[in-house]
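Per-entry structural report
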Amino acid sequence: VHFSPAYSSASAVTASAPEWQPRPAGKCWHVAALEVDTACLLDPNGQGAVKRMPSFPLQARLSQPCDYRRVFDGPNVKASSKAFLLLAVENSAGPSHIGIIVAKKHIRLASRRNRIKRIVREQFRLTPLDRSMDLVVLARSPADKLDNPAVWLDIAKLWHRINATADRQWAG
């Protein structure tokens, strides 16, 4: 096998390759969906780098089966609608945590299950609870029929209800 010097040299390959150009300023897919200008996402020191969307930290999630079991075995507070059931127990050891359960039995398509989870996580992130609690959100079959604003509104109502109930029960 014979290699020509033009192909074996790294400089020859990189010299012929087009130089990478950053994307022109404009709307990113997630920013365009939210109809927000990218200028608000630029780095504050003027470097022009777009910041990542806010993430949902692992510390805010119920991750172990024993955490879920504690909420399921003795929920102090319950709130429900046709589309969702919220169960909560008081958490005296730190910030609130959330677990989201969207069964394939109730919502068949993964994209729809993920949509529900994203909305619930965003609601949890943006709307702080009055008290520290471990919370489990169970989605029911009617949640699949709701559009995004309806899911957001339904979860917001349940959030308000669970806050009010927790204040009454854990006040003393």
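Just so you know, these numbers come straight off a predicted model, no measurement behind them.

So, about the packing of helix 5 (residues 110–126) against helix 6 (residues 148–170). Two elements in contact, helix 5 and helix 6, have axes separated by 10 Å at closest approach and are oriented at 45 degrees. Between helix 5 and helix 6, the interaxial angle falls into the category oblique. Classified by chirality, the crossing of helix 6 by helix 5 is right-handed. Packed against helix 5, whose contacting residues are Arg115, Ile116, Ile119, Val120, Glu122, Gln123, Phe124 and Leu126, the element helix 6 presents Asn148, Val151, Trp152, Ile155, Ala156 and Trp159 at the interface.

Here we come to the sheet that holds strand 2 (residues 84–90). The strand order 1-2-4-3 describes an open sheet built from four strands, whose pairing is mixed. Edge positions in the open sheet fall to strand 1 (77–80) and strand 3 (97–102), since each of these has one partner strand only. The sheet shows a mean angle of 15 degrees between the axes of neighbouring strands, taken without regard to direction. As judged from the four bridges shared by strand 1 and strand 2, these two strands associate in the antiparallel manner. By the bridge assignment for strand 2, Ser80 is matched with Leu85. Strands in contact with helix 5 are strand 2, strand 3 and strand 4 (133–139); relative to strand 3, the strand with the most contacts, it is inclined by about 160 degrees.

Checked against the element boundaries, Arg115 lands in helix 5. Asp144 provides the closest opposite charge to the buried, unpaired Arg115, separated from it by 4.6 Å. Here Asn148 takes part through its side chain, which lies 2.8 Å from a polar atom of the side chain of Arg115. The residues contacting Arg115, other than those within four sequence positions of it, are Ala143, Asp144, Leu146, Asp147, Asn148 and Val151.

With that settled, consider the packing of aromatic side chains. The final tally for this structure, using the stated rule, is one aromatic pair. Between Phe124 and Trp159, the ring centres sit 6.3 Å apart and the planes meet at 75 degrees, which makes this aromatic pair edge-to-face. In this pair, Phe124 is assigned in helix 5 and Trp159 in helix 6, connecting sequence segments 35 residues apart. For Trp159, a relative accessible area of 1% corresponds to the buried category.

In this structure the tally under the stated criterion is four salt bridges. Residue Arg125 pairs with Glu122 through a salt bridge whose shortest N-O separation is 2.7 Å. With Arg125 and Glu122 both in helix 5, this residue pair falls three residues apart, about one helical turn. Of the residues examined, Arg125 reaches a relative accessible area of 34% and is grouped as partly exposed. A relative accessible area of 28% means that Glu122 is categorised as partly exposed.

Turning to the confidence of the model for the chain, a few remarks are in order. When pLDDT is averaged along the chain, the result is 78; 68% of the residues meet or exceed 70. Within the model, the stretch residues 7–18 combines pLDDT values under 50 with two contacts to residues more than four positions away or in other chains. Long-range and interchain partners of residues 20–40, a stretch whose pLDDT sits below 50, account for twelve contacts in this model, where long-range means more than four residues apart.

Thresholds, definitions, all that
- Residues numbered from 1 in each chain as written.
- Predicted model: local features only at pLDDT ≥ 70, side-chain atom pairs only at ≥ 80, totals over all residues.
- Heavy atoms only, no water.
- Axes fitted to C-alpha atoms, helices over the stretch in contact; angles between N-to-C directions.
- Helix = DSSP H or I, 4+ residues; strand = E, 2+ residues; numbered from the N terminus.
- Parallel < 35°, antiparallel > 145°, perpendicular 65-115°, else oblique.
- Left-handed = near helix turned anticlockwise from the far one by under 90°.
- Contact = heavy atoms within 4.5 Å.
- Pairing = 2+ DSSP bridges.
- Buried < 20%, exposed > 50% of the residue type's maximum accessible area, 1.4 Å probe, protein only.
- Lys, Arg positive; Asp, Glu negative; His and termini not counted.
- Salt bridge = Lys/Arg side-chain N within 4 Å of Asp/Glu carboxyl O.
- Polar contact = N/O pair within 3.5 Å; in protein donor to acceptor, adjacent residues only side chain to side chain.
- Phe/Tyr/Trp six-rings, centres within 6.5 Å; stacked < 30°, edge-to-face > 60°.
- pLDDT = per-residue confidence, 0-100.

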